[in-house]
Amino acid sequence: MLFNSYPFILLFLPLVLAGYFWLGRRSNLTPVIWLALASLAFYAIGSWQFVALLLLSIAFNYGAGHLLIVAKLGPSQRKAVLALGVAGDLILLGIFKYAGFVTENVNALFGTHAAVHILLPVGISFYTFTQIAFLVDAYRGQVAAYALPHYALFVTYFPHLIAGPILHHKDMIPQFERKDAKHPDAHLILCGVIIFAIGLFKKTCLADGIQPLVALAFEARSPSFDQAWLGALAYTFQLYFDFSGYSDMAIGISLMFGIFLPVNFNSPYKATSIVEFWRRWHMTLSQFLRDYLYIPLGGNRRGRVLRYANLIVTMLLGGLWHGAAWTFVIWGALHGAYLCINHAFNALVPAIPSVLARPVRIAGAALTFLAVVVAWVFFRAESVAWALRVLHAMADPSNIVFGREEIAALVLVSIYAALVWLAPNTQALMGYDHGNRRVGETLRAGRMRPLVLYAASLVLAFGLLGIQSHSEFIYFRF
């Protein structure tokens, strides 16, 4: 089921909200069970054939985690349980996500003709990473014993299940245990509706609106210089508003239930370095890769050479996490290389004179954006050869068309660029503070002008009218 669909907005969400708060007047546990069942129903509507796999994954990880938390095991036994749990998760992910990719490469190497066709379960990358973090923290002694309904809801919670953010048990389960979250809070519901409306507008009007221009670069066999650049920039902004819209909608829906989700998107194209970009783009994935891959590999504790090697490995695996294809591997390798160059620059040029600080920041932002656009070409292209074709066209200014269609595309891309760089983001507009569990304080205090509410209503109306019959989020594929 899609957030940007009429059945979800007009039927599923109101029904689940009503049941959640009705049960919340009678019990603290039944709303949790209701929400977990509703989340499974949400998943089953689009992917019924993988519900059993999701339940098996929850049972397996909850059992392994329970052994690590409750059972009195020796050190070697605890290591064995952790290894078994993580290996089980990775094997499951490997079979469903990478078996076909591995087979293709084996065929290419040895001239064989084996074929593996396995459907990718929606959301498997997100719920697998979420549970690996749970097991590792349980092994480290950082997890309390949780009841099964709370754990099941933590994994299946529908505002995040399909495309993130990647949740952390320490953040979410205590919120599910709170009694006051089961009673309707008019302020949180209003803020949730406004944030959802902004996200819906971003998805249905902005991301879907610029999507046709992407074909200029990625569906033309021989794009010209201007077509390649306009198509690449169109995809850069489509992905931005698609992911930003989804992140807003997830936060807005969750707020209606009184639950604060972590911020996952913070104006990444305003970053002045690639290091900063990764602190603003898919923030929960960056945190996961840092805490559960980069630091266990040694992080920056074993010298610069190993630090750079760890960065490359981390980003390569981050690329593979997005998809089983060489284009994603190259995308990850590019970002690994970018990060190494960024850290090397910081080490060689530790201090910049204050008079040059602003020009350097502007140059850094431009260079970062250019590097990100180049990497997105691999991220979007159907194959490495196709990506190289687009990049070759972007580097060949001798072939320019610039007809009526290209001029119109340039105007549209310029408008999107202005929105990205000049407009405030949603959390700034709404004062969303995940850490302190605050949102819309100016609205609560009556300092927010009615004009803002009228604007939010207009945005919601445009977002609703812009809904297309089947417009999936890009991150659904991962």
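These notes cover the structure that comes with them. (Residues numbered from 1 in each chain as written. Predicted model: local features only at pLDDT ≥ 70, side-chain atom pairs only at ≥ 80, totals over all residues. Heavy atoms only, no water.)

**Some thoughts on the pattern of salt bridges**
All told, the structure shown has nine salt bridges when counted by the stated rule. Of the charged contacts in the structure, one is a salt bridge between Lys 203 and Asp 208, with a shortest N-O distance of 3.2 Å. Between Glu 276 and Arg 280 there is a salt bridge, with its nearest N and O atoms 2.9 Å apart. Pair noted here: Glu 276 and Arg 280 are both in helix H12 (residues 274–280), with a separation of four residues, about one helical turn. By relative accessible area, Arg 280 is classed as buried at 18%. (Salt bridge = Lys/Arg side-chain N within 4 Å of Asp/Glu carboxyl O. Helix = DSSP H or I, 4+ residues; strand = E, 2+ residues; numbered from the N terminus. Buried < 20%, exposed > 50% of the residue type's maximum accessible area, 1.4 Å probe, protein only.)

**What to know about the packing of helix H4 (residues 75–110) against helix H14 (residues 304–322)**
Packing of H4 against H14 leaves a shortest axis separation of 10 Å and a crossing angle of 100 degrees. Looking at the two axes, H4 sits roughly perpendicular to H14. Residues Lys 97, Tyr 98 and Phe 101 of H4 form the contact with H14, whose own contacting residues are Leu 320, Trp 321 and His 322. For the contact of H4 with H14, the per-class residue count stands at four nonpolar, one polar and one charged. (Axes fitted to C-alpha atoms, helices over the stretch in contact; angles between N-to-C directions. Parallel < 35°, antiparallel > 145°, perpendicular 65-115°, else oblique. Contact = heavy atoms within 4.5 Å. Nonpolar A, V, L, I, M, F, W, Y, C, P; charged D, E, K, R; others polar.)

**Section: the packing of aromatic side chains**
Evaluation of the coordinates by the stated rule reveals 46 aromatic pairs. When the centroid spacing of 5.8 Å and the interplanar angle of 25 degrees are considered together, the rings of Phe 8 and Phe 12 count as stacked. With Phe 8 and Phe 12 both in helix H1 (residues 6–24) and four residues apart, this pair spans about one turn of that helix. For Phe 12, a relative accessible area of 10% gives the class buried. For the pair Phe 134 and Tyr 151, a centre-to-centre distance of 4.7 Å together with 50 degrees between the ring planes defines the contact as tilted. With Phe 134 in helix H5 (residues 124–139) and Tyr 151 in helix H6 (residues 148–156), the pair connects residues that are 17 residues apart, well separated along the chain. As far as burial versus exposure is concerned, Phe 134 and Tyr 151 are alike and both buried. Sitting over the face of the ring of Trp 321, Lys 97 holds its NZ or CZ atom 5.5 Å from the ring centroid. It is Arg 389 that lies over the ring of Trp 386; its NZ or CZ is 4.5 Å from the centre. (Phe/Tyr/Trp six-rings, centres within 6.5 Å; stacked < 30°, edge-to-face > 60°. Lys NZ or Arg CZ within 6 Å of the ring centre and 35° of its normal.)

**Examining the layout of surface pockets**
Computed from the structure, the largest pocket encloses a volume of approximately 680 Å³. Lining the largest pocket are 24 residues, and of these Thr 272, Ser 273, Asn 342, Phe 345 and Asn 346 lie nearest its centre. Those elements that provide at least two residues to the lining of the largest pocket are H12, helix H15 (326–348) and helix H16 (354–380). Considering every element that reaches the lining of the largest pocket, the biggest residue donor is H16, with eight residues. Residues that form the lining of the largest pocket fall into these classes: 14 nonpolar, seven polar and three charged. (1 Å grid on protein atoms, 1.4 Å probe; cavity = no way out; pocket = protein on both sides within 12 Å on 5 of 7 lines; lining within 4 Å. Points joined across faces, edges and corners; volume = space filled by probe spheres on them.)

**Considerations on the environment of Ser 398**
Position of Ser 398 relative to the elements: it lies in the loop between helix H17 (384–394) and helix H18 (404–422). Since its relative accessible area comes to 64%, Ser 398 is described here as exposed.

**Things to note about the nonpolar core**
Core analysis: the biggest nonpolar cluster contains 91 residues, and Phe 3, Phe 8, Tyr 157, Phe 158 and Phe 257 have the highest contact counts within it. Among the elements that make up this core, the one with the highest residue count is H5 (ten residues). Look past the residues within four positions of Phe 8 in its chain and what remains in contact with it is Met 1, Leu 2, Phe 3, Leu 13, Pro 14, Phe 42, Phe 158, Phe 196 and Ile 253. With 57 residues, the next largest nonpolar core counts Leu 206, Ala 234, Ala 387 and Leu 391 among its residues. (Core = buried A, V, L, I, M, F, W, Y, C linked by side-chain atoms within 4.5 Å.)

**Some thoughts on unusual backbone geometry**
At Phe 402, a position not held by glycine, the phi torsion is positive, near 50 degrees. Along the polypeptide, Phe 402 turns up in the loop between H17 and H18. For Arg 437, which is not a glycine, the phi torsion comes out positive at approximately 55 degrees. Residue position: Arg 437 is located in the loop between helix H19 (426–430) and helix H20 (441–444). Residue classification places Arg 437 among the partly exposed residues on the basis of a relative accessible area of 33%.

**Quick notes on the side chain of Asp 226**
Considering the arrangement of structural elements, one finds Asp 226 in helix H11 (residues 225–256). In this structure Asp 226 is buried but unpaired, with Arg 404 as the nearest side chain of opposite charge at 13 Å. Residue contacts for Asp 226: discarding those within four places in its chain leaves Asn 399, Ile 400, Val 401, Phe 402 and Glu 406. (Lys, Arg positive; Asp, Glu negative; His and termini not counted.)

**Thoughts on empty space enclosed by the protein**
Applying the stated criterion to the full structure yields two cavities of 30 Å³ or more. Quantified by volume, the largest cavity comes out at close to 70 Å³. Ile 195, Ser 247, Asp 248, Ile 251, Val 263, Asn 264, Phe 265, Thr 426, Gln 427 and Tyr 432 together form the lining of the largest cavity. Broken down by element, the lining of the largest cavity gets its largest block of residues, three residues, from H11. Classifying every residue of the lining of the largest cavity gives five nonpolar, four polar and one charged. As for the second largest cavity, its lining consists of Tyr 62, Gly 65, His 66, Ile 69, Phe 134, Ala 145, Tyr 146 and Tyr 151.

**Considering helix H3 (residues 51–69)**
Relative to the 27 Å expected for 19 residues at 1.5 Å per residue, H3 spans 27 Å between its end C-alpha atoms, a close match to the ideal helical length. For H3, the complete set of buried residues consists of Val 51, Leu 53, Leu 54, Ser 57, Ile 58, Asn 61, Tyr 62, Ala 64, Gly 65 and Leu 68. Residues of H3 that are buried make contact with helix H2 (30–47), H4, H5, H6 and helix H7 (158–161). (Expected span 1.5 Å × (residues − 1).)

Without other data, these values stay purely geometric and don't point to any function.
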